[in-house]
Structure formats: C-alpha cells, structure tokens
Amino acid sequence: KQWYQRRVAITAGITNNLRRYLIMRAIIFLAIVGVAFGNLCKGVNKRDISAAFAAARVGSAAIFGNSCPGFDFDSVALSGECKAIVKQATCYGLQAASHYDSDVVNYGQLASDVSNMEELGNLACAQARGCFLQVSAAMEACKAANADFVQDTIDAAESAYKENFEDKAAAFAKSSKGSLLGDLASMALDRFSSADDIQDFIEEHLTEGVKSDASAAAEEAQALAKGWCDDGCTSSTARFLEGIFGHMNGGGCDDASEFCGECQSRAASYFARNQLPCCIEKVVRRGIVAYDYVIANYSEALESYGAAVGSGLSASGLAEAKAIRDRVVEEFGCVSAVYSANRPECA
C-alpha cells in the first residue's frame, strides 16, 4: 500500500493546465535537477563532456526546432547563470556512472562520494535560482513568439518518442511479460498512446482539493529548501553522512540497498556517539507530517488506484509487487526504529 501511496502522491503534484505548462516546467525542472549530478570535472575526459553536450543539442533541436526556432541550447544552458551548474552536472554524471558501476553498491562508495554531494548542494544553494530564472525566461520568450509553443513542443516530443522509443518500449514490455516492470509497461502502453491520453487521465483524477494541496506542498518545499540553504545545512549534513556511511561499511554490512540486520546494528552504534543534525531532523519531521496528511485525506483514493493497478498485473507481477512492498515496509521499519531511538533535541 505504501508503494502505491507514494506513487499517487507524486502524481498529485502535476498541475491541471498540463497542455500549457508541461514542457516549460519540465525543462526548468531538468535544469535544476542537473545540479544534483555534480561538481567534478577534474579527471573527466573532455571528449565525453563534448559528446554529452552534442547529444543535448540534438535533442533540443528535435524538441524545440519547430516550436521555437530561436531557442539556442548553448546560450540558455551553457552560459550565464547556468554555465557552471550544467557543466559540473555533466561532469559528475559521467564520473558517477563509473563510481557506482558495480553489481552491489556499498556504504563505502556512498561515504567517498559525500564530499562531491556537499559541493553540489552548496552550488545549488548559490546558483540554482539564477539558472531557474534564466531557463524560465527562455521558455517565456518562446511562448511570446509562438502562441502554440507548448502544444507544438508537446507534439514534437510525442513524435520523437514514437520515432525513437516506442518500439523499444513495446519490445521491453513483451520480453518482460510476467514481471512487475513488464506488466506496468504493457499497461502504460495500452492506456496511453498519446500526450492527450496522459492529459485526459490526469485531469480526470485531479480534483480542486488535490490541486490546492499540491500547490501548498510546492510552497512548503520551496520554503524548506530556502531554510536549508540559509542555515548552511548542506555541510553539516555531509559531515554526518560521511561519518555514518563510513562506520556502517564492512563487518557484514556490504550492501547499501539493505539496512535491516548488521547495517542497522552498525548505524545504531554510530548514533550512540553522534547526534543526528537538526537540519535533517527538521526535514524528516516535515516529511512525516506531509505523509500523515496524505494518508488522512487520500487513503480511499490511493487504495482505489492501487487496486486498479493490481488488477492489471499478472499473477507473477502481482507477487513481485507484494514482495517489493513487504521488503520496503520491513526496511522502513528498521530505519524508523533507529531514528525513533535516537531523535535529537532540536529547537
């Protein structure tokens, strides 16, 4: 149930006026999310960076070529307020692909990457808003030059998907039939054959209450992020994560996807000598409040959506979904036990 609840809660964040704002919001989102990939150009092959930018230019031309001929990827993403963010994002993305290229990721790998994440967080605090505004201004200019900009862009994106990915998606669904991902892919392909289908589905399920709550949640998230940056939370959190990840690594705790058992014991022993930063505590508490609100106000709808998805799964796909749910619930319970026993006293 929690898996379905989280999925639907995320969907509720999409605004009602999808056709008008979808592309603009998606591009702005990607510009900011790019910060989460890094600040590590040292040691990265320049040809790999150039190849990544070249691919982005091709994609930009395919999506915006007709709807906004004046849109220039380099002037929007590789200059001004976005220059450092996008370049460093690309560099870390390339390095992270190598750093985490293993069958099992351990806590030692996470610990050694924390300093990079710290740089990214501080960079985001300093420059993300400026980049956001720069990309937003470019999108507004496109809208001003073409009254049908958003619809034309959606059409181009849909065409690009059909030409480049639809057959691959169908092949994956067919080859993975009977698995959870395969079943979900098949259901999505059957239900959504165009951008209009997606818009109709969302508008069908978004009530005024959901839209109001989504707007309030967005404002809360923005305020929380601002407070995080203003309080210098990135570095204090980084030091804590470096310590606990390094302490947890080894001694039977060798898989970062697992927490219960030895990893839980090692985490608990770290907490015996180290307090959770109040920066993290504040975010955790706000997340719990938000989760409780969603459950209190949308439990019936979430259960209905979950049942609808479940009814479309094969027996094996449903069994896999239940196994994942059970594991998530178990792991969350172990994390919650450690957290509850070591909550800090914060103002």
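Novice: Just to check I follow, could you spell out the environment of asparagine 146 for this structure?
Specialist: As for its position among the elements, asparagine 146 is in the loop between α6 (107-145) and α7 (149-164). Overall, asparagine 146 belongs to the buried group, its relative accessible area being 18%. Here the alpha-carbon distance between asparagine 146 and proline 69, two residues 77 residues apart in the chain, equals 9.8 Å. Those residues in contact with asparagine 146 that lie beyond four places of it in its chain are Ser67 and Asp152.

Novice: What exactly am I supposed to notice about the side chain of threonine 90 here?
Specialist: Among the structural elements, threonine 90 can be located in helix α5 (residues 83-99). With a relative accessible area of 16%, threonine 90 lands in the buried category. Excluding anything up to four places from it in sequence, threonine 90 contacts Ile49, Ala52 and Phe53.

Novice: Sorry, what's going on with the confidence of the model for the chain here?
Specialist: A low pLDDT means the predicted coordinates there should not be read in detail. Per-chain confidence: the chain averages 86 in pLDDT, with 88% of residues scoring 70 or above. A low-confidence stretch, residues 1-39 stays under pLDDT 50, and its non-local contacts, those more than four residues away or across chains, total 77 contacts.

Novice: Would you take a moment to explain the side chain of serine 67 for this structure?
Specialist: With respect to the secondary-structure elements, serine 67 resides in the loop between α3 (46-64) and α4 (73-77). Among the polar contacts made by the side chain of serine 67, one reaches the side chain of threonine 153 at a distance of 2.8 Å. With residues up to four places along the chain from it excluded, the contact list for serine 67 reads Asn146, Phe149, Asp152 and Thr153.

Novice: What should I look at first to understand the pattern of salt bridges in this one?
Specialist: Side-chain pairs of opposite charge can arise where the charged atoms are in close proximity. One pass over the full model with this rule turns up 10 salt bridges. In this structure, arginine 286 and glutamate 220 form a salt bridge, with 2.9 Å as the shortest nitrogen-oxygen distance. Taken together, the residues arginine 286 in helix α14 (residues 278-311) and glutamate 220 in helix α11 (residues 208-230) connect sequence positions 66 residues apart. Residue arginine 286 is classed as partly exposed on the basis of its relative accessible area, which comes to 36%.

Novice: It is not clear to me how the state of the cysteines should be interpreted in this structure. Could you clarify?
Specialist: Working definition: the covalent bond between the sulfur atoms of two cysteines is a disulfide. The final tally for this structure, using the stated rule, is eight disulfides. Each sulfur of the disulfide joining cysteine 68 and cysteine 142 lies 2.1 Å from the other. Taking the sign of the S-S torsion, about -75° here, the bridge from cysteine 68 to cysteine 142 comes out left-handed. With cysteine 68 in the loop between α3 and α4 and cysteine 142 in helix α6, the pair connects residues that are 74 residues apart, well separated along the chain.

Cut-offs used in this document
- Residues numbered from 1 in each chain as written.
- Predicted model: local features only at pLDDT ≥ 70, side-chain atom pairs only at ≥ 80, totals over all residues.
- Heavy atoms only, no water.
- Helix = DSSP H or I, 4+ residues; strand = E, 2+ residues; numbered from the N terminus.
- Buried < 20%, exposed > 50% of the residue type's maximum accessible area, 1.4 Å probe, protein only.
- Contact = heavy atoms within 4.5 Å.
- pLDDT = per-residue confidence, 0-100.
- Polar contact = N/O pair within 3.5 Å; in protein donor to acceptor, adjacent residues only side chain to side chain.
- Salt bridge = Lys/Arg side-chain N within 4 Å of Asp/Glu carboxyl O.
- Disulfide = S-S within 2.5 Å.

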